[in-house]
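Take a look at the letters that make up each chain.
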Amino acid sequence: MHTTPSLLAELDALPTRWEVQGTLAAPVAAVAAVLLTVAEGRVGDDNLLVLARASAARQGAMTVVAGAGAGVYRAELAGLVEPVEIQVDQARSRVAVQSWYAGVHAATACPAGTRVTHRVHRVHPDHPGFAAGIAEIGLRARMSRDLRQVLGVIADRLGC
């Protein structure tokens, strides 16, 4: 019997291409509770936060559906776009997302509270999401902006 490796295991085996991080003055459990919330329904600040600012999510055209297995989901988008694969690892406070890029957000304890890291492991350079002018240098800037927005939502929710 052939089994497909999990998305997190697959990404863990790849080198990190880009990484951005930030810290919040809050316990890991509290940060992870917001960061890792993924459930069936519309994507937004209270569901799959790491994709809440994607254009399809802002337009209300991105919905999470359960996948096969615990912590496995996919986000479906309106139109002719491939679904996004998602895997949540509550025990290790991580969420992986694979669309035109594949990356992992993780929450870990640090002296200031919680460090949230976003690592990108793979990018599909021929995908329209990348080819539409998001060169590698632009992707790093976009990652930093997106992480600041995620941290802002978490900080607002936790009052930190």
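What you see is a predicted model; the values in this text were computed from it and never measured.

### Comments concerning the overall build of the chain
When you go through the chain residue by residue, the secondary structure sums to five helices and eight strands. Counted from the first residue to the last, the chain has its helices and strands arranged as α-β-α-β-α-β-β-β-β-β-β-α-α. Counting all 160 residues of the chain, 44% fall into the buried class. Summarising the internal contacts of the chain: among those between residues at least 6 apart in sequence, 52% fall at separations of at least 24. Summed over all atoms, the accessible surface of the chain reaches about 8,400 Å², with 54% contributed by carbon and sulfur.

### Quick notes on the environment of Ala-96
Here Ala-96 shows up in strand E6 (residues 94–98). C-alpha of Ala-96 to C-alpha of Ala-9: the two residues are 87 residues apart in sequence and 9.9 Å apart in space. The residues touching Ala-96, leaving out its near neighbours within four places in the chain, are Leu-7, Leu-8, Leu-11, Glu-85, Ile-86, Gln-87, Gly-103 and Val-104.

### Some points on helix H2 (residues 28–35)
Among the residues of H2, Val-31, Ala-32, Val-34 and Leu-35 are the ones counted as buried. Taken down its axis, H2 places every buried residue within 165° of arc, on the same side.

About the thresholds
Residues numbered from 1 in each chain as written. Predicted model: local features only at pLDDT ≥ 70, side-chain atom pairs only at ≥ 80, totals over all residues. Heavy atoms only, no water. Helix = DSSP H or I, 4+ residues; strand = E, 2+ residues; numbered from the N terminus. Buried < 20%, exposed > 50% of the residue type's maximum accessible area, 1.4 Å probe, protein only. Contact = heavy atoms within 4.5 Å. Areas by Shrake-Rupley, 256 points an atom, 1.4 Å probe, with all protein chains shown as cover. Arc of directions from axis to C-beta.

Purely geometric stuff here, so don't read any function into it on its own.
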